[in-house]
Amino acid sequence: MSGDRPSPLVIERILRDRQGIWQQIVADDDLNALTGRMLASSAVALACYGAVLGAFHGVLMALTSAVKLPLLFLITLAICLPTLYLFNLVFGARLSVRQSVALVMVAITVTSMLAVAFAPISLFFLITAPDYGFFKLLNVAILTLSAVVGLRFLTGGMQVLNQHGLLAPPTAAAATQAAVAAPAAQAAVPAQPVAGEPVAEPVAVGAGANGAAGANGTTTPVAEAQPVSVVPAQPAAGVPAQPVVLAGHPVAAFPPGMVPPGYAGAGRPWATPPVRRGESERPASMTLLYVWILLFGFVGTQLAWTLRPFVGSPGENFALFRSIEGNFYAEILRTLGNLF
């Protein structure tokens, strides 16, 4: 989407112009406004989905779940964000606090918008099949799927920052940029011919099929389908270097040093294969990002267990919180056992 006509919905901009979002985060440009829009959109979307969850038990549970579900994500972010930021600092990354918050908020925004997109499906099963175990597992699956997609956006954004050298120390980032720029610089500088080798004569581009046109209009016969493979010699002082004529290109003359990438003539390479950023060693910050994602998931699930109920058991009265006993994973396994 064009930057001149931004979408009023931040999620639409994230999905349509994700490269523009990453570039804005890389440039640290107006991130406060972007983060504020993502925060507001996420809170509204999660509140709507929380209301659908709590509607299984009644109006009071719907209202409390509409408040608790946004708090679940925001408190998890507040707990885990310092770890992500300090991990990056320890291993030499150059992310600011605003860039870190904006990156994680992109993931949370995508997660919340996907969840609210599933809300009509959840509401449909609430109306047509109001089984507590099935409804709870259905919504756990919806939130898990939404979180996985959102976290993939986070890893994609970190990879873009890695390409711009923001996840590596300054010296390593400069070395990576130099390695990427080296092949282009090498291709731009004419190659020096070897002394003692014969000088190549260029083939006229305007030659016909049976000969080359001379200055007086006469034609000099040229053997058909006989490609010439000549390596330029060391020119004498004051004599310009002659173009290189490549094997397989009988009518194409290339200036010295401007041979196609990867061509090897006379047993030696003329060009070095290009080096891409993706082939460079992955910085420790990217590895620790996956560790942080696991930590974020564990903290979020435990916090969800602490803030329960969100759905509300049909046989129990309304309660703002339940007593802390057991854990989230044991409850999911117990529910699966009862359902099947």
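Residues numbered from 1 in each chain as written. Predicted model: local features only at pLDDT ≥ 70, side-chain atom pairs only at ≥ 80, totals over all residues. Heavy atoms only, no water.

A.B. asks: I tried to follow helix α7 (residues 132-163) on my own but got confused; where do I start?
C.D. replies: When the terminal C-alpha atoms of α7 are compared, their 47 Å separation across 32 residues agrees well with the 46 Å that a helix rising 1.5 Å per residue should span. Its side-chain oxygen 3.4 Å from the backbone nitrogen of Gly133, Asp131 forms the N-cap of α7. With its phi angle positive at about 80°, Gly165 sits one or two positions after the end of α7. (Helix = DSSP H or I, 4+ residues; strand = E, 2+ residues; numbered from the N terminus. Expected span 1.5 Å × (residues − 1). Polar contact = N/O pair within 3.5 Å; in protein donor to acceptor, adjacent residues only side chain to side chain.)

A.B. asks: Before we go on, may I ask you to explain the confidence of the model for the protein chain in this structure?
C.D. replies: Detailed reading of predicted coordinates is not advised where the pLDDT is low. Overall, the prediction assigns the protein chain a mean pLDDT of 75, with 63% of residues at 70 or greater. Considering each helix and strand of the protein chain separately, the mean pLDDT is smallest for strand β6 (residues 268-269), with a value of 44, and largest for helix α3 (residues 31-54), with 95. Considering only residues more than four positions removed or in separate chains, one finds that residues 172-176, a stretch of pLDDT under 50, has five contacts. Here residues 262-280 scores under 50 on pLDDT; set against residues more than four positions off or in separate chains, the count is 35 contacts. (pLDDT = per-residue confidence, 0-100. Contact = heavy atoms within 4.5 Å.)

A.B. asks: Hey, could you run me through the layout of surface pockets in this one?
C.D. replies: By volume, the largest pocket is sized at about 1200 Å³. Around the largest pocket, the lining is made up of 42 residues, and of these Val140, Leu143, Thr301, Ala304 and Phe328 lie nearest the centre. Of all elements in the fold, only α4 (59-90), α5 (97-117), α7, α9 (284-307) and α10 (328-339) reach the threshold of two or more residues within the lining of the largest pocket. When grouped by side-chain class, the residues that make up the lining of the largest pocket number 25 nonpolar, 10 polar and seven charged. (1 Å grid on protein atoms, 1.4 Å probe; cavity = no way out; pocket = protein on both sides within 12 Å on 5 of 7 lines; lining within 4 Å. Points joined across faces, edges and corners; volume = space filled by probe spheres on them. Nonpolar A, V, L, I, M, F, W, Y, C, P; charged D, E, K, R; others polar.)

A.B. asks: Which parts of the structure should I look at to understand the packing of helix α2 (residues 18-27) against α7?
C.D. replies: The relative placement of two packed helices is expressed as an angle between their axes plus a distance between the axes. For the pair α2 and α7, interaxial distance at closest approach is 10 Å and the crossing angle is 55°. By the angle between their directions, the pair α2 and α7 is classed as oblique. The interaxial crossing formed by α2 with α7 has right-handed handedness. Counted together, Arg18, Gln19, Trp22, Ile25 and Val26 of α2 and Phe153, Gly156, Gly157, Val160 and Leu161 of α7 form the full contact between these two elements. Taken together, the residues of the contact of α2 with α7 break down into six nonpolar, three polar and one charged. (Axes fitted to C-alpha atoms, helices over the stretch in contact; angles between N-to-C directions. Parallel < 35°, antiparallel > 145°, perpendicular 65-115°, else oblique. Left-handed = near helix turned anticlockwise from the far one by under 90°.)

A.B. asks: What's the story with the pattern of salt bridges in this structure? I'm lost.
C.D. replies: For the coordinates displayed, the defined rule picks out five salt bridges. One salt-bridge network, held together by shared partners, links Lys136, Glu331 and Arg334. (Salt bridge = Lys/Arg side-chain N within 4 Å of Asp/Glu carboxyl O.)

A.B. asks: Mind showing me how you'd approach the packing of aromatic side chains here?
C.D. replies: Two descriptors summarise a pair of aromatic rings, namely the distance from one centre to the other and the angle between the planes of the rings. This structure, assessed with the given rule, holds seven aromatic pairs. Ring geometry for Trp292 and Phe296: centres 5.2 Å apart, planes at 35°, overall tilted. Taken together, the residues Trp292 and Phe296, both in helix α9 and four residues apart, mark about one turn of the helix. According to the relative accessible area criterion, Trp292 is buried, its value standing at 1%. Given a relative accessible area of 12%, Phe296 falls into the buried group. Grouping aromatic residues by their ring pairs yields a cluster made of Phe56, Tyr132 and Phe135. For the cation-ring pair, Lys68 lies above Phe310, with the distance from its terminal atom to the ring centre recorded as 5.3 Å. (Phe/Tyr/Trp six-rings, centres within 6.5 Å; stacked < 30°, edge-to-face > 60°. Buried < 20%, exposed > 50% of the residue type's maximum accessible area, 1.4 Å probe, protein only. Lys NZ or Arg CZ within 6 Å of the ring centre and 35° of its normal.)

A.B. asks: Even after reading the chapter, I still don't get the nonpolar core, so can you show me in this structure?
C.D. replies: Grouped together as the largest cluster of nonpolar side chains are 54 residues, with contacts concentrated most on Ile25, Leu154 and Trp292. Going through the elements one at a time, α1 (10-16), α2, α3, α4, α5, α6 (119-128), α7 and α9 are the ones with two or more residues in this core. In this structure, Leu154 is in contact with Leu103, Val104, Ala107, Leu289, Trp292 and Ile293, ignoring residues within four places of it in sequence. (Core = buried A, V, L, I, M, F, W, Y, C linked by side-chain atoms within 4.5 Å.)

A.B. asks: Please explain the environment of Ser112 as it appears in this structure.
C.D. replies: For Ser112, the position within the fold is in helix α5. Given the relative accessible area of 0%, Ser112 is considered buried. C-alpha of Ser112 to C-alpha of Ala45: the two residues are 67 residues apart in sequence and 5.7 Å apart in space. Non-local contacts of Ser112, meaning those with residues more than four positions away in its chain, are made with Ser42, Ala45 and Leu46. Reaching out from Ser112, the side chain makes a polar contact with the side chain of Ser42 at a distance of 3.5 Å.

A.B. asks: How should I be thinking about the side chain of Thr109 in this particular structure?
C.D. replies: Mapped onto the secondary structure, Thr109 falls in helix α5. Within the structure, Thr109 has its side chain in polar contact with the side chain of Ser42 (distance 3.1 Å). Beyond its immediate stretch of four places on either side in the chain, Thr109 contacts Val10, Ile11, Ile14, Met38 and Ser42.

A.B. asks: What's the story with α6 in this structure? I'm lost.
C.D. replies: Side chains of residues three or four places apart in an α-helix project in the same direction, reflecting 3.6 residues per turn. The complete set of buried residues in α6 reads Ala119, Ser122 and Leu126. End-on, the buried residues of α6 take up no more than an arc of 65°, which puts them together on one face. Projecting away from the buried face of α6 at angles above 90 degrees are the exposed residues Pro120 and Ile127. Taken together, the buried residues of α6 touch α3, α5 and α7. (Arc of directions from axis to C-beta.)

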